[in-house]
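# Architecture at a glance
Listed below, chain by chain, are the residues.
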Amino acid sequence: MIEEATHTKHAAGDRPPGPAGAFLIGSLSAFRDDPMAFLENNAKTYGDIAFFRFMGLPVYQVNNPDDVRKVLVDPEGIFTKGDILEGFRPLVGTGILLSEGEAHKKKRRMMAPAFHHGRIRAYGDTMVEEALRLRETWHDGEAVDMAEEMNRLTLAIAARTLFGTDVSAREGAAVSAALKAFARWYHQSTHPLGRLLQLFPTEATVAFRQGKRDLSAVVNRMIRARRKGGDAGDILSMLVFAKDAEGDRPRPDSDSAAFSDAEVHDEAITLLVAGHETTGAALAWAFHLLSEHPEAADRLAREVREAIGDRLPTVADLPRLGYVEGVFAEALRFYPAALTLPRQATRDVKLGGYTVPKGSIVLAAAYCTHRDARFFPEPLAFRPERWQEVPRKDRPKMSYFPFGGGARTCIGEAFAWMEGTLVLATLASQFRARSATGHRVEAESLFTVRPKGGLPMVLEARALP
Ligand code: HEM
């Protein structure tokens, strides 16, 4: 919790205070070893803005919504994703996540219709169907790894809604293994000797290369099926059958197509990964928080019962599932998938009263803002009802930004809110999940924030009245 932060203003022109760091590597190891403790300690000790270095590179951590807004909404176009996110490149390639400028705008324009409100609403039934399919495999007293369960579920939902296809158990396992391998490899790449290590066939490198091949095979199978099956109106169809600016014929295989085959492949991987990994983690965290707060779990079940009785939820029920949505919002507040959103300044810029020089890295620290008592009274209390007392739209801008902000804001945000709420309403209304005895839950941030070593839980069917 950030209550004790000093939040003082410092003399303009100075460098903000911050941890001294070690010789040559600066604060890189401290950040890698325990990013959550490192960021939180900076916010507590130094207030709204802290300065440190990663291998000589100047880094500014900003924890104040006004500064976060300047960085993410970026009305003057000063910030780019920059070099610090290049570690994601081997996974997502030319996909939208790391695109910049015109290329980014073009992709965003193209994908927008698939994420339009009306379109997303049509995905609701699939989300509930898949959640029900999972629920039917659950039994009273059964031990599960909730992190795995939620990942499998969100992968199935993403594949059906975005790509119009089912995922076999073998493919699901391949995707999961690939992402685990990527997380290890990514962590290795942030080591002070990361670039050097990548030149050698370390265990992490070999596992990731194999994982990437397997992931590509899954995505290529989906692309082939879509080409063969024709335009189904889903997002994969939009990518595969994209027309170029003249726009009169599909040219997926020609040089002048809106997307080359390689681009379709990278975009599909980006969407498949971004579209399930984050939502899966958030749902797993929601189950963990509910297991620690049984009264909240009961209140969730009561709300669902009162809103819809014993039938399955639909999109039309969402306005009456405010507490359920609050549970998902709290999960994302405590454990935002991205602890910080990194950017690089393309010119000198003022932040928090300091001049941040061109080339500096700026970390918009969602993890800290979300735990700041100025914006969330009793920040460490799990209170889903806080989102009903003060809805998201009425809160200070960028005090809560699990989906980022500005032009790079998550394109799947509306999708994720709907999915999180409908899945929780379907599953947590019928089953409690308790932490397995003896297991200590710990968060680990490799490329998203996940429960370290999974989330072993025991299911308990709720007695229906
Ligand atoms: C709880 C779930 C989710 C969370 C917490 C989340 C978080 C984020 C964040 C923080 C960003 C911005 C990264 C940045 O600015 O550096 C982002 C971007 C993105 N997300 Fe999500 N996301 C979620 C679900 C989804 C879903 C369901 C989809 C697709 C169906 C999706 C697709 C994307 C894409 C394509 C981008 C890149 C957008 C761009 O660069 O223009 N995300 N997400």
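Residues numbered from 1 in each chain as written. Predicted model: local features only at pLDDT ≥ 70, side-chain atom pairs only at ≥ 80, totals over all residues. Heavy atoms only, no water.

## Some points on the overall build of the protein chain
Counting secondary structure elements, the protein chain contains 19 helices and 12 strands. In terms of C-alpha radius of gyration, the protein chain reaches 22 Å, essentially the compact-globule figure of 23 Å for 465 residues. Counted over contacts in the protein chain with a minimum sequence separation of 6, partners at least 24 positions apart contribute 73%. For the protein chain, the distance from the average position of its 60 positive side-chain charges to the average position of its 60 negative side-chain charges is 3 Å. (Helix = DSSP H or I, 4+ residues; strand = E, 2+ residues; numbered from the N terminus. Rg over C-alpha atoms; globule rule 2.2 N^0.38 Å. Contact = heavy atoms within 4.5 Å. Lys, Arg positive; Asp, Glu negative; His and termini not counted. Charge placed at Lys NZ, Arg CZ, Asp CG, Glu CD.)

## Looking at the packing of aromatic side chains
Scanning the entire structure with this criterion turns up 21 aromatic pairs. Both rings, one in Phe376 and one in Tyr400, keep their centres 6.4 Å apart while their planes meet at 65°; by these two values the pair is edge-to-face. Placement of Phe376 in the loop between helix H17 (366–369) and helix H18 (386–389) and of Tyr400 in the loop between H18 and helix H19 (413–427) is noted, with a sequence separation of 24 residues between them. Like Phe376, the residue Tyr400 is buried in the burial classification. (Phe/Tyr/Trp six-rings, centres within 6.5 Å; stacked < 30°, edge-to-face > 60°. Buried < 20%, exposed > 50% of the residue type's maximum accessible area, 1.4 Å probe, protein only.)

## Some points on empty space enclosed by the protein
Tallied over the full model, the rule gives two cavities of 30 Å³ or more. Taken as a whole, the largest cavity spans an internal volume of roughly 90 Å³. Along its surface, the largest cavity is lined by Phe287, Leu290, Ser291, Pro294, Ala297, Ala428, Phe431, Arg432, Ala433, Arg434 and Arg462. Contributions of two or more residues to the lining of the largest cavity are made by helix H14 (277–292), helix H15 (294–308) and strand E9 (431–435). With four residues, E9 is the largest single contributor of residues to the lining of the largest cavity. (1 Å grid on protein atoms, 1.4 Å probe; cavity = no way out; pocket = protein on both sides within 12 Å on 5 of 7 lines; lining within 4 Å. Points joined across faces, edges and corners; volume = space filled by probe spheres on them.)

## Section: the coordination of the iron atom of the ligand
Just one protein atom donates to the iron atom of the ligand; it is Cys410 (SG), sitting 2.3 Å from the metal. Assignment of secondary structure puts Cys410 in the loop between H18 and H19. (Donors = N, O, S within 2.8 Å, 3.2 Å for Na, K, Ca; no water.)

## Remarks on the environment of Tyr400
For Tyr400, a relative accessible area of 12% translates into the label buried. Distance from Tyr400 to Met111, taken between C-alpha atoms, is 25 Å for residues 289 residues apart in sequence. With residues up to four places along the chain from it excluded, the contact list for Tyr400 reads Ala329, Leu332, Arg333, His370, Phe376, Trp387, Arg392 and Trp417.

## Focus: unusual backbone geometry
Its identity is not glycine, yet Met55 carries a phi of approximately 50°, on the positive side. As for its placement among the helices and strands, Met55 is situated in the loop between strand E1 (49–54) and strand E2 (57–62). The phi torsion at Met398 lies on the positive side, around 65°, for a residue other than glycine. The topology assignment puts Met398 in the loop between H18 and H19.

These values are about where atoms sit, not about what they do.
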